[in-house]
Amino acid sequence: MNSIKLNIDHAASFTGREKIAALDNEAASALDKVLNGTGAGNDFLGWVTLPTDIDAAHLADIQATADTLRSSCDYVVAIGIGGSYLGAKAVIEALQDSFAAYKPVSKGSPKVLFAGQNIGEDYLAELQAFLADKSFGIIVISKSGTTTEPAIAFRLLKDQLEKQIGKAEASKRIVAITDAHKGALRQLATEEGYKTFVIADNVGGRFSVLTPVGLLPIAVAGHDIKALVEGAREMQAATATAGEDNLSLLYAETRNALYRAGKKIEILVNYNPKLHFFGEWWKQLYGESEGKDHKGIFPAAVDNSTDLHSMGQWIQDGERTIFETVISVEKPHHSVIIPDDKANLDGLNYIAGQHVDHVNKMAELGTRIAHVDGGVPNMQITVPALEERYLGQLIYFFEKACGISGYLLDVNPFNQPGVEAYKKNMFALLAKPGYEKETEAIKARL
Ligand code: PA5
């Protein structure tokens, strides 16, 4: 099977292989907790078997809903934040043309826009102005159904859509993805008669990309969700037992061996701008899962070679508390050859006739060697190409590793109690009903 690969040689050369192997038993027990639900947060393990649980009828329903939106809209706004946003954004960006946003819309092939991932007044005003003369639909995604950012965006865009095409027609172009029973969005969807999909209770937001949360926007953008799920299924099977072949286990062990050796920051590195949002998705997955009890590897991400000209100095020479995990994409989709130039004023003729990707790969290799020489341990994940199947493998690989790694750190990888602190203060500052005491207390501090 053609598959993603993991190379830990240049991390093991720092810790010693024995330090990684010393975690074998702990990691096997962490994997067991993930598979058998015997660890903390075990009511949020629905994602573990999600790829094999998704049946053909469910996938067909998602695809049919996507097709309806595709045939009726030029733009579809996916509204959501955190786990209800980043997975779809990451996959769509990885698969779509880099200049898709600037190309005209062709009938039956809408563009997916995002909202509800911020509270920027300008962002929302500009989105509303852009959509004023457009044919658009909405996918509103909120597991809790009560998150402020997407709720504001949905209130605005729902109102706009209803004014543009009427309430009855608007309700056909709005799809809600939320809890089966709870939350304001569920009630609204029932009252308005929207098509809905359910986010299962046992799948947390950051593990939900392989549910309708991610699959519907990805299908609306025209990508092959069957292949994405198929890739995840392959990785589910490949990471089902402990052993050397289990890449998730090996990655979790290696990053924890590095953490225990004082490497507190992991930088996910890509050499393909299409992977920028994959880095954002990964940051949420690991940051929200592991940053607890005053522990956790800090997840950072860079887009190279761009960031070699901004962060490269720090990575090469700064405090030696970092390690890197590089995602290498083996094959680009296109071919661009650097032309010969008679005058050669830029001195580039020495690479004339070469693929741009060859230069990129040499930048990658040269950087990896320089960083290892500079004291930065390095893991490399090789992805054959940016295609749905390999992205499905990569997503599941990271999710499984995240569960194992969280248990190795001895935290509950599936809750996020820290996220509530800002919400409590924001509600108090906004004088939300029910927060009277908190409002009084916070105002006294200002
Ligand atoms: O991973 C998580 O649980 C969070 O990032 C949530 O996805 C995010 O806060 C959005 O929550 P909700 O989908 O309930 O609106």
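Residues numbered from 1 in each chain as written. Predicted model: local features only at pLDDT ≥ 70, side-chain atom pairs only at ≥ 80, totals over all residues. Heavy atoms only, no water.

1. Observations regarding the sheet that holds strand S4 (residues 136-142)
Then step 1. Reading across from one edge, S3-S2-S4-S5-S6 is the order of the 5 strands in this open sheet, with parallel pairing throughout. Each edge of the open sheet carries a strand with a single partner, namely strand S3 (111-115) and strand S6 (195-198). Across this sheet, the average inter-strand angle for adjacent strands is 20°, counted without regard to direction.
Then step 2. In this structure, strand S5 (residues 174-178) lies alongside S6, joined through 4 bridges in parallel fashion. Note that in S6 the partner of Val175 across the bridge is Lys195.
Then step 3. Against the sheet, helix H7 (residues 121-131) engages strand S2 (75-79), S3 and S4, with an angle of about 150° to S3.
Then step 4. Lying on the sheet, helix H10 (residues 184-192) is in contact with S4, S5 and S6; it crosses S5 at an angle near 145°. (Pairing = 2+ DSSP bridges. Helix = DSSP H or I, 4+ residues; strand = E, 2+ residues; numbered from the N terminus. Axes fitted to C-alpha atoms, helices over the stretch in contact; angles between N-to-C directions. Contact = heavy atoms within 4.5 Å.)

2. Points about the packing of helix H3 (residues 24-36) against helix H13 (residues 247-260)
Packed helices, taken two at a time, are described by their axes: the angle between them and the distance between them.
Then step 1. For the pair H3 and H13, the least separation of the axes is 10 Å and the interaxial angle reads 125°. Taken together, the axes of H3 and H13 lie oblique to each other. In this structure, H3 crosses over H13, and the sense of that crossing is right-handed. Contacts from Asp24, Glu26, Ala27, Ala28 and Leu31 in H3 reach Leu249, Glu253 and Arg260 in H13.
Then step 2. Residues belonging to the contact of H3 with H13 are distributed by class as follows: 4 nonpolar, no polar and 4 charged. (Parallel < 35°, antiparallel > 145°, perpendicular 65-115°, else oblique. Left-handed = near helix turned anticlockwise from the far one by under 90°. Nonpolar A, V, L, I, M, F, W, Y, C, P; charged D, E, K, R; others polar.)

3. As for the environment of Leu113
Then step 1. With respect to the secondary-structure elements, Leu113 resides in strand S3.
Then step 2. It is 35 Å that separates the C-alpha atoms of Leu113 and Arg255, two residues lying 142 residues apart in sequence.
Then step 3. Apart from the residues lying within four places of it in its own chain, the contact partners of Leu113 are Tyr75, Val76, Val77, Ala78, Leu127, Phe130 and Leu131.

4. Here's the deal with the site of the ligand
Then step 1. Taken together, 13 residues sit near the ligand, with Ser84, Ser142, Ser144, Thr147 and Gln284 positioned nearest.
Then step 2. In the model, an oxygen atom of the ligand is placed 2.7 Å from a nitrogen or oxygen of the Ser144 side chain.
Then step 3. Here Arg206 contributes a backbone N or O atom positioned 2.9 Å from an oxygen atom of the ligand.
Then step 4. Taken by itself the ligand offers 390 Å² of open surface, and the protein chains cover 88% of this.
Then step 5. Each residue belonging to the shell around the ligand can be placed in one class, and the counts come to 1 nonpolar, 9 polar and 3 charged. (Near = heavy atom within 4 Å. Polar contact = N/O pair within 3.5 Å; in protein donor to acceptor, adjacent residues only side chain to side chain. Areas by Shrake-Rupley, 256 points an atom, 1.4 Å probe, with all protein chains shown as cover.)

5. Things to note about unusual backbone geometry
Then step 1. Look at the link from Asn304 to Ser305: it is a cis peptide, with omega at 10°.
Then step 2. Note that Ser305 resides in the loop between strand S8 (298-303) and helix H15 (312-317).
Then step 3. The residue Asp410 is not glycine, and still its phi comes out positive at about 65°.
Then step 4. Accessibility expressed as a relative area gives 58% for Asp410, which makes it exposed. (Buried < 20%, exposed > 50% of the residue type's maximum accessible area, 1.4 Å probe, protein only.)

6. Concerning helix H12 (residues 225-238)
Then step 1. Between its first and last C-alpha atoms H12 spans 20 Å; for 14 residues at 1.5 Å apiece the expected length is 20 Å, and the two agree.
Then step 2. All buried positions along H12 are accounted for by Ile225, Leu228, Val229, Gly231, Ala232, Glu234, Met235 and Gln236.
Then step 3. Residues of H12 that are buried in the fold lie against helix H4 (50-53), helix H5 (56-72), helix H6 (86-95), helix H11 (212-220) and helix H17 (388-408). (Expected span 1.5 Å × (residues − 1).)

7. Some words on a nonpolar patch on the surface
Then step 1. Side chains of Ile119, Ile152 and Leu156 sit close together on the surface and give an oily, nonpolar patch of about 220 Å² of accessible area.
Then step 2. As for its placement among the helices and strands, Ile119 is situated in the loop between S3 and H7. (Patch = residues over 30% accessible without salt bridge, like charges linked within 9 Å, V, L, I, M, F, W, Y side chains within 5 Å. Salt bridge = Lys/Arg side-chain N within 4 Å of Asp/Glu carboxyl O.)

8. Brief notes about H13
Then step 1. Compared with an ideal rise of 1.5 Å per residue, which puts 14 residues at 20 Å, H13 spans 20 Å between its outermost C-alpha atoms and is within 8% of the ideal.
Then step 2. Counting buried positions along H13 yields 12 of 14 residues, so the element is predominantly enclosed.
Then step 3. Where H13 is concerned, the buried positions are Leu247, Ser248, Leu249, Tyr251, Ala252, Glu253, Thr254, Arg255, Asn256, Ala257, Leu258 and Tyr259.

9. What about the domain arrangement of the protein chain?
Then step 1. Taken domain by domain, the protein chain comprises domain 1 (5-41 + 228-408), domain 2 (50-226) and domain 3 (419-446).
Then step 2. One C-alpha centre belongs to domain 1, the other to domain 2; they are set 29 Å apart.
Then step 3. Opposite the 25 residues of domain 1 that make contact, domain 2 presents 28 residues.
Then step 4. It is Leu228, Lys274 and Phe277 in domain 1 that bury the most area against domain 2; as a group they hold 27% of the surface buried on that side.
Then step 5. Where domain 1 packs against domain 2, one counts 1 salt bridge.
Then step 6. For the salt bridge of Glu288 with Arg206, the shortest nitrogen-to-oxygen distance reads 3.0 Å.
Then step 7. Our count for the contact surface shared by domain 1 and domain 2 stands at 15 residue pairs in polar contact (both at pLDDT 80 or more).
Then step 8. For the side of domain 1 that touches domain 2, the elements supplying multiple residues, two or more each, are H12, helix H14 (276-290) and H17.
Then step 9. No other element matches the 8 residues that H14 contributes to the side of domain 1 that touches domain 2.
Then step 10. Tallied by class, the residues present in the side of domain 1 that touches domain 2 amount to 13 nonpolar, 3 polar and 9 charged. (Domains from an automatic or database assignment. Buried area = accessible area lost by both parts, 1.4 Å probe.)

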